[in-house]
Amino acid sequence: MSTQHEVPSYLTQKEIGPWGVYLEQIDRVTPYLGTLARWVETLKRPKRILVVDVPIERDDGSIAHFEGYRVQHNTSRGPGKGGVRFHQDVTLSEVMALSAWMTVKNAAVNVPYGGAKGGIRVDPKTLSIGELQRMTRRYTSEINIIIGPNKDIPAPDVNTNEQIMAWMMDTYSMNQGSTASGVVTGKPISLGGSLGRREATGRGVYVVGCEAAAKRGLDINGAKVAVQGFGNVGGIAARLFAEAGAKVVAVQDHISTIVSDSGIDVAALQAHVAQHGSVAGFSGGDTVNDRSRFWEVDCDILIPAALEQQITEANANKIRAKIILEGANGPTTPAADDILHDKGVLVVPDVIANAGGVTVSYFEWVQDFSSFFWTEDEINQRLTRIMREAFGAVWTLAQEKNVSLRTAAFIVACTRVLQAREMRGLYP
Ligand SMILES: NC(=O)c1ccc[n+]([C@@H]2O[C@H](COP(=O)([O-])OP(=O)(O)OC[C@H]3O[C@@H](n4cnc5c(N)ncnc54)[C@H](O)[C@@H]3O)[C@@H](O)[C@H]2O)c1
């Protein structure tokens, strides 16, 4: 399949990056959209892109400027929804792709949102806590004109957390003149956050992992699991699999790779990361110096839970797992997808596998609007039901059409988005 796509004037073919991966995924689903295919161009163009300059005064008195983005890919089914990433490699192409995957994900699990995403091109580890707060607040002020509880609701992503969400909520509220807790999700519990939100994405990965394992006749108890990325998503998913009796045999983060045939003590590793900021130096396993060897680890379940485009033509052939659970967004390129399919590896795509986060974000938003808060049990039960139903529907469609789970998820989601588009009609 061609990877050449019409690119907007603000991206060059060379910069197309993750957005190109997304466009190729849309090409793959288009033949299955029937008459709705006449609307497919709408999915290939973000609705709205805001690029902002984020200046801050550094602690030493100097002025620093950062590039910030907020992209609303599609709002046919509801307000924009999607995280905010702070990372030195953030690009417009990446934020566009992440916003589009949010459109697909929200429709795949049928929560009433469109898709959006934001980011700042910064390594937050180089900022003091005061600088981080000033940058977050200035960014929020700059995107203030397009976000809001009924317009676009940010949430945490890579290198952002509950504290960042609290500052975003406060900045937006100060600009509005009243507290608007529904403007972001993933907030601290004391500010209208939801029980279970912090664990939700990892929990969702675990729930669909159990469903996928059952389909493949794999017992979670004793299964070997490898996880790339040991942050919010990877750390929680690893913990839940370990609690269910699986052996976590490899963990990789941005600095180091740890392996252990007998299984890594996940709670001890989490404590180590909380103290040292990385898995590096953990004594409960062996350190592997060649990072690429992570992909060759003997495991049953592989969970990429870090960044995009990690599983490529270069390493897909080496993967020994039976099941891949995409905790990260966009970790597998289309070419790698084909290799994995030919090898018989079951790939549970990001738009289903990591949808637990936005599902509980939706619960948080609903709870904020009604000012009535649910118990953690209620939240986890509802999350589990939604994840299982979404996985089941996608599995059945994949069997019926003889397509991958990714294409099946895109069929379900794009059909919902384009039906909404068609029913609403074009304005004016
Ligand atoms: N947080 C959520 O609710 C949520 C929801 C859906 C999807 N996601 C996706 O999950 C992924 C991880 O997000 P998170 O919230 O866990 O972020 P996080 O910041 O909590 O953790 C990121 C982890 O990835 C590791 N990492 C970074 N660069 C790496 C590299 N080059 N190689 C290996 N590891 C690397 C970091 O060391 C860290 O352990 C992202 O793709 C994100 O978009 C997150």
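Counting restarts for each chain, with residues numbered from 1 along the sequence as it is written. Local features are withheld for residues below a pLDDT of 70 in this predicted model, meaning they are given only at 70 or higher, and side-chain atom pairs are given and counted only at 80 or more; totals for whole chains, interfaces and linings count all residues.

An unreviewed UniProt entry annotates the chain as Glutamate dehydrogenase of Noviherbaspirillum album. UniProt positions are given in the numbering used here, feature names are shortened, and annotations may be inferred rather than shown by experiment. According to its UniProt record, the chain has this under Sequence similarities (unreviewed entry): "Belongs to the Glu/Leu/Phe/Val dehydrogenases family."

**Student:** Residue-level account of the site of the ligand, with values.
**Tutor:** Not every one of the 23 residues close to the ligand is listed here, only the nearest: Gly229, Gly231, Asp253, Ala328 and Gly357. Helix numbering and strand numbering both begin at the N terminus, where a helix is a DSSP run of H or I of at least 4 residues and a strand a DSSP run of E of at least 2. The element that contributes the greatest number of residues to the shell around the ligand is helix α6 (residues 232-243), accounting for three residues. Counted by class, the shell around the ligand contains eight nonpolar, 13 polar and two charged residues. Here the shell around the ligand gathers at least three residues from each of two domains, domain 1 (47-181) and domain 2 (198-353). The criterion for a residue being near a molecule or strand is a backbone-placed C-beta atom within 6 Å of that molecule or strand. When residue character is reported, Ala, Val, Leu, Ile, Met, Phe, Trp, Tyr, Cys and Pro are called nonpolar, Asp, Glu, Lys and Arg charged, and the others, Gly included, polar. Just so you know, the domain bounds were taken from an automatic or database domain assignment.

**Student:** Any chance you could break down helix α3 (residues 129-143) for me, citing the residues and the numbers?
**Tutor:** Every helix has an expected span of 1.5 Å times one less than the residues it contains. In this model α3 runs 21 Å from its N-terminal to its C-terminal C-alpha over 15 residues, within 8% of the 21 Å that 1.5 Å per residue would give. Backbone-placed C-beta atoms define the burial measure: a residue is buried with 20 or more other C-beta atoms within 10 Å of its own, exposed with 12 or fewer, and partly exposed in between. Looking at α3, one finds that the buried residues are Leu132, Arg134, Met135, Thr136, Tyr139, Thr140 and Ile143. We call two residues in contact when the distance between their C-beta atoms, placed using the backbone, is within 7 Å. The inward-facing, buried residues of α3 abut β1 (48-57), β2 (63-74), β4 (115-121) and α4 (162-176).

**Student:** Break down the domain arrangement of the chain for me, citing the residues and quoting the values.
**Tutor:** A common measure of how large an interface is: the accessible area buried when the components associate. Split by domain assignment, the chain resolves into domain 1 (47-181) and domain 2 (198-353). Domain 1 and domain 2 are separated by 27 Å when their C-alpha centres are compared. Facing seven residues of domain 1, the contacting portion of domain 2 comprises six residues. Residue composition of the side of domain 1 that touches domain 2, by class: five nonpolar, no polar and two charged.

**Student:** Can you explain helix α11 (residues 376-401)? Please cite residues and give values.
**Tutor:** For α11, spanning 26 residues, the distance from its first C-alpha to its last is 37 Å, which sits close to the expected 38 Å at 1.5 Å a residue. Tucked into the core, α11 has its buried residues touching α2 (92-108), α5 (197-215), α9 (350-353), α10 (356-370) and α12 (405-424). Trailing α11 by a residue or two, asparagine 402 shows a phi angle of about 55 degrees, which is positive.

**Student:** Run through the packing of α5 against α6, naming residues and quoting values.
**Tutor:** Taken N-terminus to C-terminus, the directions of α5 and α6 make an angle of 50 degrees; their axes are 8 Å apart at the nearest point. Here α5 is positioned oblique relative to α6, judged by the angle of their axes. Two packed elements cross with a definite hand, and for α5 against α6 that hand is right-handed. Across from Arg198, Glu199, Thr201, Gly202, Arg203, Val205, Tyr206 and Gly209 in α5, the residues of α6 making contact are Asn232, Val233, Gly235, Ile236, Ala237, Leu240 and Phe241. Tallied by class, the residues present in the contact of α5 with α6 amount to seven nonpolar, five polar and three charged. Lines are fitted to the C-alpha atoms to define the axes, a helix being fitted only along its stretch in contact, and any angle between axes, read from their N-to-C directions, falls within 0 to 180 degrees. Geometric relationships in this document are graded by angle, where less than 35 degrees denotes roughly parallel, more than 145 denotes roughly antiparallel, 65 to 115 denotes roughly perpendicular, and other angles denote oblique. Each helix crossing is assigned a hand: it is left-handed if the near helix lies turned anticlockwise from the far helix by less than a right angle, otherwise right-handed if that turn is clockwise.

**Student:** Kindly report on the environment of glutamine 270, identifying the contributing residues and their values.
**Tutor:** By the secondary structure assignment, glutamine 270 is in helix α7 (residues 266-276). On the neighbour-count criterion, glutamine 270 (16 C-beta atoms within 10 Å) is partly exposed. Placed 35 residues apart in sequence, glutamine 270 and glycine 235 show a C-alpha to C-alpha distance of 7.1 Å. Glutamine 270 has contacts with Gly235 and Arg239, leaving out every residue within four places of it along the chain.

**Student:** Give a detailed account of the pairing of strand β5 (residues 152-156), specifying residues and quantitative values.
**Tutor:** For β5, a buried count of five out of five residues is recorded, marking the element as mostly surrounded by other parts of the structure. Where strand β3 (residues 80-87) meets β5, five bridges bridge the pair, whose relative direction is parallel. Residue glycine 80 lies in a different strand from β5, and its bridge partner there is aspartate 152. Here, a strand pair is defined by DSSP locating no fewer than two bridges between the strands.

**Student:** Account for the nonpolar core, with residues named and values stated.
**Tutor:** Of all hydrophobic cores here, the largest spans 126 residues; its most connected members are Ala108, Val225, Ala237, Val348 and Ile352. In terms of residue count, α2 provides more of this core than any other element does, 11 residues in total. With residues up to four places along the chain from it excluded, the contact list for valine 348 reads Val208, Ala212, Ile323, Ile324, Leu325, Glu326, Ala353 and Leu405. Remark: nonpolar core denotes a set of buried Ala, Val, Leu, Ile, Met, Phe, Trp, Tyr and Cys residues whose joining runs through C-beta atoms within 7 Å.

**Student:** Residues and numbers for unusual backbone geometry, please.
**Tutor:** Here the amide bond leading from tyrosine 427 into proline 428 is cis, since omega sits at 5 degrees, within 30 degrees of zero. A positive phi is found at glutamine 309, a non-glycine position, where the angle reads about 50 degrees. C-beta crowding within 10 Å serves as the criterion here: with 18 such atoms nearby, glutamine 309 is assigned to the partly exposed category.

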